[in-house]
Amino acid sequence: MSRTGPRNPSRTRHLTTAQALVAFLARQYTERDGHRHRLISATWGIFGHGNVAGIGQALVEAGHGGNGTAYRMPYLQGRNEQAMVHAAVGYARQSGRLSAHAVTTSIGPGATNLVTGAALATINHLPVLLLPGDTFATRPADPVLQQLEVPYAGDVSVNDCLRPVSRYFDRVTRPEALIPAALQAMRVLADPAETGAVTLALPQDVQAEAFDWPEEFFAERVWRVRRPAPDTAELEAAVRAVRSARRPLIVAGGGVRHSAAEETLAAFTAATRIPVASTQAGKGALRHDHPADVGGIGHTGTATADELARTADLVIGVGTRYTDFTTASGTLFENPAVRFLNLNITGFDAHKLAALPLVADARTGLEALTSALAGRGYRIDPAYETEYTGAKEAWEEQVEASFTTPDPTARPTQTQVLGLLDTLVTEEDILINAAGSLPGDLHKLWRTRSRDQYHVEYGYSCMGYEIPAAIGVLLATEAQGHEGRPVWALVGDGTYLMNPTEIVTAVQENLPLRLLILQNHGYASIGGLSEAVGGERFGTAYRHRDPDGGFTGPPLPIDLAANAASLGMRVLRATTVDDLRKALAEARSAEGPTCVYVETETPDTVSGPPPAQAWWDVPVAETASRPAAVTAREEYDRRVAARRHHL
């Protein structure tokens, strides 16, 4: 971190704590590879008694040049606190984690609504600054409206719920305490190994309290985003491991994208010909048509990638944390001799699966590994390359079959919807999704055309992420000078009903959000899982109750298209494949927020996507009276027997 601008410790500025915080935030920057970015470029907010007179008043001044026109703090109005965090996360991811948003709320429910979004941000290692109001520090009124009273502790408020989901948490109980807290907050937000949700809880009285702040607090600060290089001994061990491998496989995770290491990864594969599989966060590390790209890996992966994983003798993880979907709950990497080499910026993730660690920035580490291997003549056996390229071609035939829509008058399946979208998009388009059955279909089938086209949040797989995240992505592309890139939020009916509120924000800001709603009358993904584990799809369909108390009656008369229209969107309804093709093309060229609504056919009656290529551990009832659960348990016992610990 470096400081620029005038520094005179004898000068002070008389401001409230909230005014000082906003002025400070407006002067923070990140720098990586010689490029500077505003660290906190805007603040989302919903105001209540806990922040309206503090942060709210400070934002009024900052938004109108009260702290100098060069340091304005733009304000964005949200409708739901969780959704505001999702929008901020979408912005941060599209900005390469180099720029972020703040989110301010009142005390009570406004603050606790942040928790889900904070967990999502932290799990995905994406920066967002949370500024919830808090109860009076001086306690003149006790309790106050919306205060949770804790009989055994007077210093606990609902904001303490944010501690376990934050990478840094502080409660600013005195104005002068803001100085170290704010500096620590910026440090964590800008640290690629530490970043996530950062919370500064702000008691409502302290927000409005004035203080004489040292002028130096408001100097411009530049937080350099480091690219740590690997340790020499670890690099040598990594080189030996690669050179001795006959069937190596790279697993590219989100760290490749965060480090902007896509070109470096492509150079590494060009030199070694090692195939590259991708996690949900890593998909797009190579274009779908790159010779070494073998698609998604794990439970929602391709047959090509998963078969390679089963026989790999060295798995090279680059920027991945190995969730259970990636490892098929410990059953995927079957080779008895398999070993792991993990390149990761955090030691915690680098050591997973008893791996050889290579703790470094993904781009720096790949550059070092490529250079170290260059003079030693390593390249995989040509027969191995022929094997995986042939398998990739065979898988592409399955993808094409899933995407094919032979009858233009029929109602499309979900995979056929993706196939129609596939024919329409270019490398400019960005697709956003997070939950339901769509992430699995996208991971297996989508043909990613650019490094940032595939935006699937699967660290937390949070229903309701898509629409607000799309708003954040649109704001980021605009800030990057790429205004006009088509941004699609793909949602099922269950996800839509969770969180449609930020449609109003898209309309208010006139953002060209493309919303694609797939209506299948229920929780289709969990319905399929329920059937597989003996749950008989109980409670997963949106239907009227039957006389026996179940949910097998007619579908509920829900009109999501009408709902989206009532919130201000232009809505295009599609009934058939041909209707949908025209609607998607019209939406892509639209200038304002536009929704395409389609009811999809279920895979029960027509061809669906290829089945899962690897297992996922969802425990099944050990004893049950119903045949479905008994049968499911037998299959579970067979699968779980294949799990292993990699030691």
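Along each chain, residues carry numbers from 1 onward, in the same order as the chain's sequence is written. It should be noted that, the model being predicted, local features are given only for residues of pLDDT at least 70 and side-chain atom pairs only at 80 or more, the latter also being counted only at that level, while totals for whole chains, interfaces and linings use all residues. Side-chain descriptors were evaluated using all non-hydrogen atoms of the structure, hydrogens and water having been removed beforehand.

So, on to the overall build of the protein chain. Secondary structure counts use DSSP, requiring at least four H or I residues in a row for a helix and at least two E residues in a row for a strand, with both numbered from the N terminus. In terms of helices and strands, the protein chain carries 24 helices and 24 strands. Taken over the C-alpha trace, the protein chain has a radius of gyration of 26 Å; the compact-globule value for 647 residues is 26 Å, and the two agree within 12%. Overall, the protein chain is about 70 × 70 × 55 Å in size when its C-alpha atoms are taken along their principal axes. Whether a residue is buried, partly exposed or exposed follows from its accessible area with a 1.4 Å probe, protein chains only, as a fraction of its type maximum: under 20%, in between, or over 50%, in that order. Going through the 647 residues of the protein chain one by one, you find that 57% of them count as buried. Residue contacts are counted whenever heavy atoms from the two residues lie within 4.5 Å of one another. Expressed as a percentage of contacts within the protein chain between residues at least 6 apart in sequence, the contacts between residues at least 24 apart total 77%. Roughly 25,400 Å² of accessible area belongs to the protein chain as shown, and the carbon and sulfur atoms make up 53% of that amount. For this measure, only C-alpha atoms enter the radius of gyration; the expected value for a globule follows 2.2 Å times N^0.38, where N is the number of residues. Accessible surface is estimated by sampling points in the Shrake-Rupley manner with a 1.4 Å probe; for residues, cover comes only from the protein chains shown.

Turning to the pattern of salt bridges, a few remarks are in order. Pairing between side chains of opposite charge can happen when their charged atoms approach one another. Salt bridge, as used here, is a side-chain nitrogen of Lys or Arg placed within 4 Å of a carboxyl oxygen of Asp or Glu. Counted under the stated rule, the structure contains 43 salt bridges. Here E31 ties to R224 by a salt bridge, and the two come within 3.1 Å at their closest N and O atoms. Placement of E31 in strand β3 (residues 28-32) and of R224 in strand β12 (residues 220-224) is noted, with a sequence separation of 193 residues between them. The partner of R447 in a salt bridge is E400, and the shortest N-O contact between them spans 2.6 Å.

Aromatic rings from Phe, Tyr and Trp, with only the six-membered ring used for Trp, were paired whenever their centres fell within 6.5 Å, and each pair was classed as stacked if the ring planes differed by under 30 degrees, edge-to-face if by over 60, and tilted otherwise. The final tally for this structure, using the stated rule, is 12 aromatic pairs. Seen from their ring centres, Y322 and F340 are 6.1 Å apart, and the 85 degrees between their planes marks the pair as edge-to-face. Here F340 lies in strand β17 (residues 339-344) and Y322 lies in the loop between β16 (314-318) and α12 (324-327), a separation of 18 residues in the sequence. A relative accessible area of 9% means that Y322 is categorised as buried. When its relative accessible area of 3% is taken as the criterion, F340 is described as buried. Put simply, the rings of F24, F211, W213, F217 and F218 pair up and form one aromatic cluster. Counting as a charge over the ring demands two things of the Lys NZ or Arg CZ atom: a distance within 6 Å of the ring centre and an angle within 35 degrees of the ring normal. In this structure, R27 packs its charged tip against the face of Y71, placed 3.9 Å from the ring centre. Directly above the aromatic system of Y597 lies the positively charged group of R573, at a separation of 5.8 Å from the ring centroid.

Turning our eyes to something else, we now look at the pairing of β16. Burial of β16 is extensive: 5 of the 5 residues sit out of reach of the surface. Residues of β16 alternate between two faces, with L314, I316 and V318 on one and V315 and G317 on the opposite face, all of them buried. In this structure, strand β13 (residues 248-252) lies alongside β16, joined through 5 bridges in parallel fashion. Among the inter-strand pairings, V251 is bridged to a residue of β16, identified as G317. The criterion for strand pairing is that DSSP finds at least two bridges linking the strands in question. In this sheet, β17 lies alongside β16 in parallel orientation, the contact comprising 5 bridges. Looking across to β17, one finds that V318 is bridged to L343.

So, on to the sheet that holds strand β14 (residues 276-278). The parallel open sheet is built from 6 strands, whose spatial order is β15-β14-β13-β16-β17-β18. The open sheet has two free edges, formed respectively by β15 (293-296) and β18 (356-359), since each of these has just one partner strand. This sheet shows a mean twist of 20 degrees between the axes of neighbouring strands, independent of strand direction. Here β14 runs beside β15; their pairing, made up of 3 bridges, is parallel. Across the sheet, the residue bridging to A277 is G295, located in β15. The axes are straight lines fitted to the C-alpha atoms, using for helices just the contacting stretch, and the angles between their N-to-C directions are given from 0 to 180°.

Quick look at the sheet that holds strand β6 (residues 75-77) now. Across the sheet, which stays open at both edges, the 6 strands sit in the order β6-β5-β7-β8-β10-β9 with parallel pairing between neighbours. Since the sheet does not close on itself, it has two edges, and those belong to β6 and β9 (168-171), each with one partner. For this sheet, the mean inter-axis angle between neighbouring strands, taken without regard to orientation, is 20 degrees. As judged from the 4 bridges shared by strand β7 (residues 100-105) and strand β8 (residues 128-134), these two strands associate in the parallel manner. What sits directly across from T104, in β8, is L131. Packed onto the sheet, helix α5 (residues 114-123) meets β7, β8 and β10 (197-203) and runs at close to 155 degrees relative to β8.

Once that is clear, we can look at helix α23 (residues 577-588). Any helix carries an expected span of 1.5 Å times its number of residues minus one. With 12 residues, α23 should cover 16 Å at 1.5 Å per step; its first-to-last C-alpha distance of 17 Å lies within 8% of that length. Considered for burial, the residues of α23 that qualify are V577, L580, A583, L584 and A587. The arc that holds the buried residues of α23, viewed along the axis, is 120 degrees, so those residues lie on one side. Regarding the arc, it is the one traced by the directions from the helix axis to the C-beta atoms.

Now for the side chain of R171. Position of R171 among the secondary structure elements: in strand β9. The buried category is assigned to R171, whose relative accessible area is 17%. By the criterion applied in these results, polar contacts are pairs of N or O atoms within 3.5 Å in which, for protein atoms, one can donate a hydrogen and the other can accept it, and in which residues neighboring in sequence qualify only through two side-chain atoms. Looking at R171, its side chain comes within polar contact range of the main-chain oxygen of D155, at 3.4 Å. If near-sequence neighbours (up to four positions away) are discounted, R171 is found in contact with D134, D155, S157, N159, D160, R163, A201 and P203.

Patch membership requires more than 30% relative accessible area and the absence of a salt bridge. Residues of like charge join within 9 Å; the nonpolar side chains Val, Leu, Ile, Met, Phe, Trp and Tyr join within 5 Å. A contiguous nonpolar patch, built from F47, V52 and Y75 and spanning about 240 Å² of accessible area, is present on the exposed surface. Relative to the assigned elements, Y75 resides in strand β6.

The angle between the axes and the distance between the axes are what describe a pair of packed helices. It is the contact of helix α16 (residues 414-424) with α23, at a shortest axis distance of 10 Å, that shows an interaxial angle of 45 degrees. Between α16 and α23, the interaxial angle falls into the category oblique. Relative to α23, α16 is oriented so that their crossing is right-handed. Residue-level inspection shows V417, L420, L421 and L424 of α16 in contact with α23, the latter providing V577, L580, R581, L584, A585 and R588. When grouped by side-chain class, the residues that make up the contact of α16 with α23 number 8 nonpolar, no polar and 2 charged. An angle below 35 degrees is treated as roughly parallel, one above 145 as roughly antiparallel, one from 65 to 115 as roughly perpendicular, and anything else as oblique. Note: crossing handedness is left-handed where the near helix turns anticlockwise from the far helix by less than a right angle, and right-handed where it turns clockwise. The residue classification treats Ala, Val, Leu, Ile, Met, Phe, Trp, Tyr, Cys and Pro as nonpolar and Asp, Glu, Lys and Arg as charged. All others, Gly included, are polar.

Further remarks concern helix α15 (residues 382-403). An ideal rise of 1.5 Å per residue puts 32 Å on 22 residues; α15 measures up with 32 Å between its terminal C-alpha atoms. For α15, every residue scored as buried is listed here: Y384, Y388, K392, W395, V399, S402 and F403. Taken around the axis of α15, the buried residues stretch over an arc of 85 degrees, which confines them to a single face. Turned more than 90 degrees off the buried face of α15, the exposed positions are P382, T386, E393, E397 and A401. Residues of α15 that are buried make contact with β13, β15, α11 (303-311), α16 and α17 (438-445).

Glancing now at the state of the cysteines. The term disulfide is used for any two cysteine sulfur atoms that are within 2.5 Å. Counted by the stated rule, this structure contains 0 disulfides. Unpaired in terms of disulfides, C161 finds its nearest cysteine sulfur in C462, a separation of 17 Å.

Quick look at unusual backbone geometry now. Here the residue pair D142 and P143 is connected by a cis peptide bond, since its omega of 5 degrees sits within 30 degrees of zero. Phi is positive for D33, which is not a glycine, with a value near 55 degrees. By the secondary structure assignment, D33 is in the loop between β3 and β4 (35-38). Since its relative accessible area comes to 41%, D33 is described here as partly exposed. Residue R537 is not a glycine yet carries a positive backbone phi of 60 degrees. Note on placement: R537 falls in the loop between α21 (524-532) and α22 (560-566).

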